[in-house]
Each structure stands twice: as C-alpha cells, then as structure tokens.
Amino acid sequence: MRVLAVANQKGGVGKTTTTVNLAASLVHFGKRVLLVDLDPQGNATMGSGIDKAHLKHSVYTLLIDESTVRQTLQSSETGKYDLLPACRDLGGAEVELVGVEHRESRLKTALAELATEYDYVLIDCPPALNLLTLNGLVAADAVMIPMQCEYYALEGLTDLVNTLKRIKQSLNRKIEIEGLLRTMFDPRSTLSQQVSDQLVKHFTSKLYHTVIPRNIRLAEAPSYGRPILAYDKASKGAQAYLQLAEELLARHNAQEVAIA
Ligand code: ATP
Ligand code: MG
C-alpha cells in the first residue's frame, strides 16, 4: 500500500480535483484505491457521489474514536474506489483532539488496519497547515503538490517544504515529495507558460511531465458527483489524469525494480 497526501495550503489549486480524478484513473489501471477526504468542505466526498449531509460515520468520527475504520468506509459507485468521507463536523476535530495523545497520528493508525486491502491511498488535504493536514502528512509515504500555473504559485511552497522537513525529523521519517503537479494550465496564456518554466527550472526531477490543462469538463463533473472518467472520458481533462496515473505507476514500478 502506498499512501499519497495531496497537499498545498494554498486554496483552490486543484487538490480535490486531482485526488478524485487520480483515484478514478488508478482504478482504471486496475489498482485498488482508497480516497481519504480530510477536508471539512467535503468536496472530494460530494465529487465522488456521496452525500456528505447524510453520513452516519465520517473521518471526523473516525479521528475522535467514535467509529471504526470499517464502519466509516463507503464505496463510490461513480469512481469505483472506496472512500473515508468528510463532512463539516471535521472542522471541530482540531479542538476535540487537543490534549489527546498521538493526535497527529490517528489517521495513520486507522489506515494501518487496511494495509493489505489497497494499492493506493490518496488523501485530500484541506487548504491549511493544520492538525488535519498534519494527520495526512504523518500517514503518508509521500506528498503530491498541485500548483496552479498562476502568479504567486510558489508563494507558500517554502512553508510547506519547511513543514515537511520538520515532519521528516520527528513524526514521519520516510516522508518525501512525490512530485509537483502543474494544474489548470492554459497554453495560450504567457503567464501560465512563464510560471511553468519557472517550476521546471526549480524542480526539474520532482515535476511531473504530465500537465493538467484548464478544462471546463473537470469543473463540471463534481456537480454530478462524478470523476471526469465517468462524466466525459474523451475530454482533455480525463486524458490528462489518465496520463498522470500512468506516469505515477511507471515511476513506482521503476523504483520497485531498482529496489529488487
Ligand atoms: P481547496 O483549497 O478549496 O480545497 P482545491 O485545491 O481542492 O481547493 P479544487 O477544488 O480541486 O481545488 O479546484 C478549485 C476550482 O477549480 C474548482 O471549482 C474546480 O472545479 C476547478 N478546477 C480544478 N482543476 C481544474 C482544471 N484543470 N480545469 C478547470 N477547472 C478546474
Ligand atoms: Mg479541496
């Protein structure tokens, strides 16, 4: 099982879109996938076709020990992956967990139970470096960082990298940056191109070759509770996320061969 946290404390950069569509794309390639929605906004939950308003159990009840991981699991019919869903209550977890021992590793503990059941776990983090994101980063083997190719794309990246360094020194020695992903790319925009060039210069090997274009179909799909593959498979957005899944799988296969 490989656990990837999709994180960037900047809002609206494509974290949820990436988590949902990469999950469905990995399923397309035959992988067993679990999506964890760590954001009280519950966007990944709704985008997977699960109504966050009618949840008996959620990541919130899981983190505060009021449900087991198995009670909390749901399956997304539109994405064909499993899901630990989120709802607004999750916003209160931070306060509830104050004073609780090992509060930053509760998700990690919960996921350990499922280690043999999934190939990939994708965690959609909220736009903040708070206790919820920390739970995601402690549970993860690696972080995927979506970056919008716009002004200030790099702003905040230093904070995230410093947070990762601190986590690596203390709570999670194995954490690494899996890759940076360019999202909402507009090939006709000079700015998009300039920011992209800047990212290539700074992050060469950590940057995915795959670039996610700005594509209206990607923005429409969540309102139907569907990943793009179940909404418009022929769209540029769907093709880009399939390509990202392929790139990710190829990288991991190469790493495994190198280790063996
Ligand atoms: P938050 O920080 O609020 O959790 P986020 O980083 O998860 O946001 P998303 O919700 O994935 O970002 O995307 C922000 C908005 O941009 C959404 O309305 C989404 O539908 C839209 N969007 C994301 N990626 C694309 C894309 N490639 N093309 C067009 N629209 C996109
Ligand atoms: Mg989001």
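What you are looking at is a predicted structure, and each value in this text was computed from that prediction instead of being measured.

## Brief notes about the overall build of the protein
Right, on to step 1. Per the secondary structure count, the protein includes 11 helices and 8 strands.
Right, on to step 2. Relative to the 2.2 N^0.38 estimate, which gives 18 Å for 260 residues, the radius of gyration of the protein is 17 Å and therefore close to what a compact globule would have.
Right, on to step 3. With the C-alpha coordinates aligned to their principal axes, the bounding extent of the protein is approximately 50 × 40 × 40 Å.
Right, on to step 4. Burial status across the protein gives 53% buried among its 260 residues.
Right, on to step 5. Restricting to contacts in the protein with at least 6 residues of sequence separation, those with at least 24 account for 78%.
Right, on to step 6. Looking at the protein as shown, the accessible area adds up to about 12,100 Å², and 51% of this sits on carbon and sulfur atoms.

## Some points on the nonpolar core
One broad rule of soluble globular proteins: the nonpolar side chains tend to lie buried together.
Right, on to step 1. Formed by 45 residues in total, the largest nonpolar core has its most connected members in Val-36, Leu-111 and Ile-123.
Right, on to step 2. If you look at the next biggest cluster of nonpolar residues, it comprises 35 residues, including Leu-4, Met-144, Leu-218 and Ala-221.

## What about the side chain of Gln-9?
Right, on to step 1. Note that Gln-9 resides in the loop between strand S1 (2-6) and helix H1 (15-28).
Right, on to step 2. In terms of polar contacts, Gln-9 uses its side chain to reach the backbone carbonyl oxygen of Gly-156, at 2.8 Å.
Right, on to step 3. Every residue in contact with Gln-9, bar those within four places of it in the chain, is listed here: Pro-127, Ala-128, Leu-129, Gly-156, Asp-159 and Leu-160.

## A short note on the pattern of salt bridges
Oppositely charged side chains may form a pair once their charged atoms are brought near each other.
Right, on to step 1. Enumeration over the complete set of coordinates arrives at 11 salt bridges.
Right, on to step 2. Note that Glu-150 is salt-bridged to Arg-214, the shortest N-O span being 3.9 Å. Linking Glu-150 in the loop between strand S6 (142-148) and helix H8 (157-169) with Arg-214 in the loop between strand S8 (207-213) and helix H10 (216-220), this pair joins segments that are 64 residues apart in sequence.
Right, on to step 3. We classify Arg-214 as partly exposed; its relative accessible area is 49%.
Right, on to step 4. What you see here is one network of salt bridges that share partners, running through Arg-2, Glu-176 and Glu-178.

## Re the site of ligand 1
Right, on to step 1. Near ligand 1 you find 18 residues, and of these Lys-15, Thr-16, Thr-17, Pro-213 and Asn-215 are the closest.
Right, on to step 2. Contact between ligand 1 and Thr-16: an oxygen atom at 2.8 Å from a side-chain N or O atom of the residue.
Right, on to step 3. Bound to the protein, ligand 1 loses 80% of the 630 Å² it would expose on its own.
Right, on to step 4. When residues in the shell around ligand 1 are grouped by element, the largest group, 3 residues, is from H1.
Right, on to step 5. Per-class residue counts for the shell around ligand 1 are 7 nonpolar, 7 polar and 4 charged.

## Remarks on the pairing of S1
Right, on to step 1. For S1, the buried fraction is high: 5 of the 5 residues fall into the buried class.
Right, on to step 2. Here S1 shows a buried face lined by Arg-2, Leu-4 and Val-6 and a second buried face lined by Val-3 and Ala-5.
Right, on to step 3. Pairing geometry for S1 and strand S5 (residues 120-124), over 5 bridges, is parallel. Bridging from a neighbouring strand, Val-6 pairs with Asp-124 of S5.
Right, on to step 4. When S1 meets S6, the two strands line up parallel, connected through 3 bridges. Among the inter-strand pairings, Leu-4 is bridged to a residue of S6, identified as Ala-142.

## Details of the side chain of Asn-172
Right, on to step 1. Tracing the chain through its elements places Asn-172 in the loop between H8 and strand S7 (176-185).
Right, on to step 2. Asn-172 gets classed as buried once you look at its relative accessible area, which sits at 4%.

## Some details on the environment of Arg-106
Right, on to step 1. With respect to the element layout, Arg-106 can be found in helix H6 (residues 106-112).
Right, on to step 2. Taking the C-alpha atoms as reference points, Arg-106 and Thr-190, separated by 84 residues in sequence, lie 44 Å from one another.
Right, on to step 3. Only 3.0 Å separates the side chain of Arg-106 from the side chain of Asp-65, close enough to count as a polar contact.

Cut-off values and rules
- Residues numbered from 1 in each chain as written.
- Chains lettered and ligands numbered in written order.
- Predicted model: local features only at pLDDT ≥ 70, side-chain atom pairs only at ≥ 80, totals over all residues.
- Heavy atoms only, no water.
- Helix = DSSP H or I, 4+ residues; strand = E, 2+ residues; numbered from the N terminus.
- Rg over C-alpha atoms; globule rule 2.2 N^0.38 Å.
- Buried < 20%, exposed > 50% of the residue type's maximum accessible area, 1.4 Å probe, protein only.
- Contact = heavy atoms within 4.5 Å.
- Areas by Shrake-Rupley, 256 points an atom, 1.4 Å probe, with all protein chains shown as cover.
- Core = buried A, V, L, I, M, F, W, Y, C linked by side-chain atoms within 4.5 Å.
- Polar contact = N/O pair within 3.5 Å; in protein donor to acceptor, adjacent residues only side chain to side chain.
- Salt bridge = Lys/Arg side-chain N within 4 Å of Asp/Glu carboxyl O.
- Near = heavy atom within 4 Å.
- Nonpolar A, V, L, I, M, F, W, Y, C, P; charged D, E, K, R; others polar.
- Pairing = 2+ DSSP bridges.

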